[in-house]
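Close look at the chain arrangement
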Amino acid sequence: AGDLMCAEDQATQRRHCYAPTELREQDGIRTARYYSGGPKSVRATPYTIAINCGTLVTHLKDRDGVSFAGGQALTPPMRALRDSICAKTIKPRRR
């Protein structure tokens, strides 16, 4: 997956990550494969993180595209991940 951008939960050491090279954007929604793990290893999950950077609504979606977590009430690490994905310095590819 190349270099990952991660945010860590300080209480649990769980890491929430994405690969900037995998970031895509369509109709104002940025998506990337979601990676997760701990201090010893981070691996790809079967989930995608999807963010509307205009409204900051963030969702985790399963392989069928069904949202199962997220919204606007996010943990600090997920807010950091959202902010990183929505940063203007990252240029996602169009789908």
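Please refer to the structure placed before this passage.
Note that the structure is predicted; figures quoted are calculated from it, not measured.

Further remarks concern the pairing of strand S6 (residues 57-61). On S6, burial follows the alternation: Thr58 and Leu60 on one face are buried, whereas Val57, His59 and Lys61 on the facing-out side are not. Note that strand S5 (residues 42-52) and S6 share five bridges and pair antiparallel. Bridge pairing in S6 places Thr48 opposite Lys61. Here S5 hands over to S6 after four residues, with Leu56 in that stretch at a positive phi of 65°.

This paragraph deals with the environment of Thr45. For Thr45, the position within the fold is in strand S5. Separated by 39 residues in the primary sequence, Thr45 and Ser84 place their C-alpha atoms 19 Å from one another. Setting aside residues no more than four positions away along its own chain, Thr45 makes contact with Arg33, Tyr34, Tyr35 and Ser36. Within the structure, Thr45 has its side chain in polar contact with the backbone oxygen of Tyr34 (distance 2.6 Å). Of note is the side chain of Thr45, whose polar atom sits 3.1 Å from the backbone nitrogen of Tyr47.

Taken as a whole, this structure holds two disulfides when the rule is applied. Residue pairing for Cys6: its cysteine sulfur links by disulfide to Cys17, the two sulfurs lying 2.0 Å apart. Measuring the twist about the S-S bond at about 110°, one finds the Cys6-Cys17 disulfide to be right-handed. Of this pair, Cys6 sits in strand S1 (residues 5-8) while Cys17 sits in strand S2 (residues 15-18); the two residues are eleven residues apart in sequence, bridging distant segments of the chain. Take Cys17: its relative accessible area is 0%, and that puts it in the buried class. Sulfur-sulfur distance for the disulfide between Cys53 and Cys86 comes to 2.0 Å. In this structure the cystine formed by Cys53 and Cys86 twists about its S-S bond by roughly -85°; its chirality is therefore left-handed.

Scoring rules and cut-offs
Residues numbered from 1 in each chain as written. Predicted model: local features only at pLDDT ≥ 70, side-chain atom pairs only at ≥ 80, totals over all residues. Heavy atoms only, no water. Buried < 20%, exposed > 50% of the residue type's maximum accessible area, 1.4 Å probe, protein only. Helix = DSSP H or I, 4+ residues; strand = E, 2+ residues; numbered from the N terminus. Pairing = 2+ DSSP bridges. Contact = heavy atoms within 4.5 Å. Polar contact = N/O pair within 3.5 Å; in protein donor to acceptor, adjacent residues only side chain to side chain. Disulfide = S-S within 2.5 Å.

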